[in-house]
Amino acid sequence: MEPLHGPIKDYAWGSRSAIAELQGRPVPSAAPEAELWLGAHPGAPAAVERDGGRIPLTEVLAAEPVQWLGRPVLDRFGLRLPFLLKVLAAAAPLSLQAHPDAEQARVGHAAEQARSGGHRNYVDPFHKPELLVALGPMEALCGFRDPADSARALAALGVPQLRPVLDALAAGPVGLAEAVRRLLEWPTAERAGLVAAARAAQGPDADLVARLAEAYPADPGVLVALLLNRVRLAAGEAIWMPAGNLHAYLWGTGVEVMAASDNVLRGGLTPKHVDVAELLRVLRFEVLDRPVVAPQEVADGVLTWPVPVDDFALHRVTVGGGRREVTLAVPGPRVVLCTDGRVTVTDGVAPVTLGSGRAAVGPAVGGSLTVTGAGETYIASTGQV
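So, a few notes on the structure that sits alongside this text. (Residues numbered from 1 in each chain as written. Predicted model: local features only at pLDDT ≥ 70, side-chain atom pairs only at ≥ 80, totals over all residues. Heavy atoms only, no water.)

**Side note on the nonpolar core**
1) Next: Grouped together as the largest cluster of nonpolar side chains are 46 residues, with contacts concentrated most on Leu154, Leu157, Leu162 and Leu223.
2) Next: It is helix H8 (residues 176-184) that provides the largest number of residues to this core, a total of five residues.
3) Next: Once residues within four sequence positions are removed from consideration, Leu157 is found in contact with Leu162, Ala198, Ala201, Gln202, Val209, Leu223 and Leu226.
4) Next: Of all hydrophobic cores here, the second largest spans 41 residues; its members include Val60, Val255, Val257 and Trp305. (Core = buried A, V, L, I, M, F, W, Y, C linked by side-chain atoms within 4.5 Å. Buried < 20%, exposed > 50% of the residue type's maximum accessible area, 1.4 Å probe, protein only. Helix = DSSP H or I, 4+ residues; strand = E, 2+ residues; numbered from the N terminus. Contact = heavy atoms within 4.5 Å.)

**Overview of the layout of surface pockets**
1) Next: Approximately 620 Å³ is the volume found for the largest pocket.
2) Next: Taken together, 30 residues make up the lining of the largest pocket; nearest its centre are Tyr11, Trp13, Ser95, Arg266 and Lys272.
3) Next: Among the secondary structure elements, those contributing two or more residues to the lining of the largest pocket are strand E3 (35-38), strand E6 (83-90) and strand E12 (247-259).
4) Next: In the lining of the largest pocket, the residues fall into 16 nonpolar, five polar and nine charged. (1 Å grid on protein atoms, 1.4 Å probe; cavity = no way out; pocket = protein on both sides within 12 Å on 5 of 7 lines; lining within 4 Å. Points joined across faces, edges and corners; volume = space filled by probe spheres on them. Nonpolar A, V, L, I, M, F, W, Y, C, P; charged D, E, K, R; others polar.)

**Concerning the pairing of E3**
1) Next: Going residue by residue along E3, you find Glu35 and Trp37 tucked away on one face and Leu36 and Leu38 tucked away on the opposite face as well.
2) Next: Here two bridges tie strand E2 (residues 8-9) to E3, and the two strands are oriented antiparallel to one another. Each bridged residue has a counterpart across the sheet, and for Ile8 the counterpart in E3 is Leu36. (Pairing = 2+ DSSP bridges.)

**Some details on the packing of aromatic side chains**
Two aromatic rings, taken as a pair, are described by how far apart their centres are and by the angle between their planes.
1) Next: Using the criterion set out here, one finds four aromatic pairs in the structure.
2) Next: Ring geometry for Trp305 and Tyr378: centres 6.2 Å apart, planes at 15°, overall stacked. A residue pair is termed long-range when its members are at least 10 positions apart, and Trp305 in the loop between strand E16 (302-304) and strand E17 (313-319) and Tyr378 in strand E22 (residues 369-381) qualify at 73 residues. Of the two residues, Trp305 and Tyr378, neither departs from the other in class, the shared state being buried.
3) Next: Just above the ring of Trp37 sits the side chain of Lys9; from NZ or CZ to the centre is 4.7 Å.
4) Next: Taking the ring centre of Phe126 as reference, the NZ or CZ of Arg80 above it sits at 3.5 Å. (Phe/Tyr/Trp six-rings, centres within 6.5 Å; stacked < 30°, edge-to-face > 60°. Lys NZ or Arg CZ within 6 Å of the ring centre and 35° of its normal.)

Right under this line is the structure:
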């Protein structure tokens, strides 16, 4: 195992305390700190310590691909780490967004590569399913809720202009696409008035409307938010976001693992590029009844959140008290993040000691991971490939 140093993304919605506190640095931080990236994504690769300096993990993998990735991962995913581990810290809402499936990403990327100029929705040919585990109380929007519930929430606002949207929702799940389309394609000149009318109303979701409208007073995404499940997570609970799932984080801090891609299609609540037509094409207009994923205990001190992809798996290992050591056999390569306490992690080749907010990486040639000490770690690996 080797210490791994991840870059921090300073997106405007980031927290000035969460990641700094996790790493034991002064609070508030000088700038918003939104995401700590722990992987080999070319957009912001983490680095390992070598010869008194730091080398991007991308270069380490390229120099010794079989040792680091292993033949099964190379054959399945090519010369790249197929997952990216993050700490996400949201002090303000993120954009309404979704991600393409593998085929949509492949075709979309190829089509955009064939033309010049313009915004690119598909910056790489890979899908981007995501799993987020809350480190504390967290709130998010995840997947479409029952259209009848959405219709009641919109009707409670008492805004007459929303009648066509309510009519679409009255058709049930088959009307979701039309309801979303009408809101996202709302005439530009009328958007501020629509959001203002919704913000002035009372209802079960008035607090959410007010919070989103304060940041985006002319964005119909404020109303689209009411079509989604509003999820409140406790520490250890997770949300799973497969392809085509419309979602947005509202606030809180969590550990996120995803397929290593940066393909994002946005529908609103953002100053970034929005492509409504393409978003509508990739969205899955189906009700998500159970957006919250509870952890499963697979061994003493070991929790996981099963996902139906082989790009990644995530485990949480807790040691301390009467449990001084836990051994976990997961396929390499592995990225380990300590989120509390102080632990030592070894793969049978070299141990590394981690404090809170610190990470390590180990190659596929390493053996089972053994964690000792007193603390909590999250271990990202590939699934069974």
